[in-house]
Amino acid sequence: MRQAQEGARFQPDMLGSLVHVGGMPLQDALARRAVDDGALLGEELLRIGYAGRARVGCPCVDSFVELHIEQGPVLDREGIAIGVVEGVQGICWTELTFTGRSNHAGTTPMALRQDAGMAAARVAALVHALSQRFAGRQLATVGALTLQPNLVNVIAQSALMTVDLRNTDGALLQQAQGALLAGARRIAAEHGVLLSHRLLADFAPVAFDAALVDSVERAARAQGLSTLRLPSGAGHDAQMLARVCPTAMVFVPSRDGLSHNVREFTAPEQLVQGANVLLQVLLERADR
């Protein structure tokens, strides 16, 4: 189920759990190509011996509770032991490609350039401005930017970039996505370059099961642990399983809020606290 949970090689993220809950046909997932070398997911699963035979959706899940580090700074900064996760914010990934014309950086007047790199740079600034324009919980990130031919004295002929937009408010997220595409089209036109785009992922915000969320909070408080209700800023398999069963998450602190970093760390005793909360929630669920 957790195959491709991060979406770093095969997109979108949470691909395995998305297929499990019926959100994507299995054959479509198996035909996904890796972003690094173009390999097919189905062929890669065969190569490593992970191509299973179970029917999609089996086994049937009664409920799903996921224990995870917060991946953010809130619990660590506030000295809170357990994060009671109420849901997952919406996520929208877009790939933008600008195509201009390469030329000599020293002999081409600025007004006569078709500079794909400059168009991408202006869109990157626009992405940051969107986070301020929509404020609140709006997040906006340019995670990847590749120029071609990528030489110091050559105007970029093409620029490929990714934009990651997130918000707990689905309507605001869609407004931000619309503003991104409108702005990118305007900037491309101003620089005389072509723009193409494709949607890599589009997941609406998810609210977890209220009774199961309450169970997480009760279990933590029964063990004398401080709690804080909060949304998850990152995507998780739990948001996919929420389509088919009651779902919740338990967060433990991340030191300095670091994640996807070699210095990511959560103390062993904090991991134990999270595991004990998870255990009690599952025991309560089993006693229904």
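Attention in this report is confined to the structure presented alongside it. (Residues numbered from 1 in each chain as written. Predicted model: local features only at pLDDT ≥ 70, side-chain atom pairs only at ≥ 80, totals over all residues. Heavy atoms only, no water.)

Overall, antiparallel pairing links the 4 strands, which are arranged β4-β5-β3-β6 in an open sheet. Because the sheet does not close on itself, it has two edges, and the strands there are β4 (139-148) and β6 (194-203). On average, each strand axis in the sheet is inclined to that of its neighbour by 15°, with strand direction left out of account. Relative to strand β5 (residues 158-167), β4 runs antiparallel, the two being bridged by 9 bridges. (Pairing = 2+ DSSP bridges. Helix = DSSP H or I, 4+ residues; strand = E, 2+ residues; numbered from the N terminus. Axes fitted to C-alpha atoms, helices over the stretch in contact; angles between N-to-C directions.)

Packed helices, taken two at a time, are described by the angle between their axes plus the distance between the axes. For the pair helix α5 (residues 116-134) and helix α6 (residues 170-190), interaxial distance at closest approach is 10 Å and the crossing angle is 150°. Comparing the axis directions of α5 and α6 gives the class roughly antiparallel. Along this stretch, α5 crosses α6, giving a crossing that reads as right-handed. The residues of α6 that touch α5, namely those facing Ala 119, Arg 122, Val 123, Leu 126, Val 127, Leu 130, Arg 133 and Phe 134, are Leu 172, Gln 175, Ala 176, Ala 179, Leu 180, Gly 183, Ala 184, Arg 186, Ile 187 and Glu 190. Residue classes in the contact of α5 with α6 are distributed as 12 nonpolar, 2 polar and 4 charged. (Parallel < 35°, antiparallel > 145°, perpendicular 65-115°, else oblique. Left-handed = near helix turned anticlockwise from the far one by under 90°. Contact = heavy atoms within 4.5 Å. Nonpolar A, V, L, I, M, F, W, Y, C, P; charged D, E, K, R; others polar.)

A full pass over the atoms with the stated rule returns 15 salt bridges. One salt bridge connects Arg 285 with Asp 62, and the closest N-O pair in it is separated by 3.7 Å. Of this pair, Arg 285 sits in helix α9 (residues 268-286) while Asp 62 is found in the loop between α3 (41-47) and β1 (64-69), placing the two residues 223 residues apart along the sequence. By relative accessible area, which is 17% here, Arg 285 ends up buried. Glu 86 is the partner of Arg 229 in a salt bridge, and the nearest nitrogen-oxygen pair spans 3.3 Å. Pair noted here: Arg 229 is in strand β8 (residues 227-232) and Glu 86 is in strand β2 (residues 82-88), with a separation of 143 residues, a long-range link. Relative accessible area serves as the criterion here: at 31%, Arg 229 is assigned to the partly exposed category. Residue Glu 86 is classed as partly exposed on the basis of its relative accessible area of 38%. When salt bridges that share partners are traced, they join Arg 9, Asp 36, Asp 37, Glu 44 and Arg 47 into one network. (Salt bridge = Lys/Arg side-chain N within 4 Å of Asp/Glu carboxyl O. Buried < 20%, exposed > 50% of the residue type's maximum accessible area, 1.4 Å probe, protein only.)

Bear in mind that shape data such as this cannot, by itself, settle questions of function.
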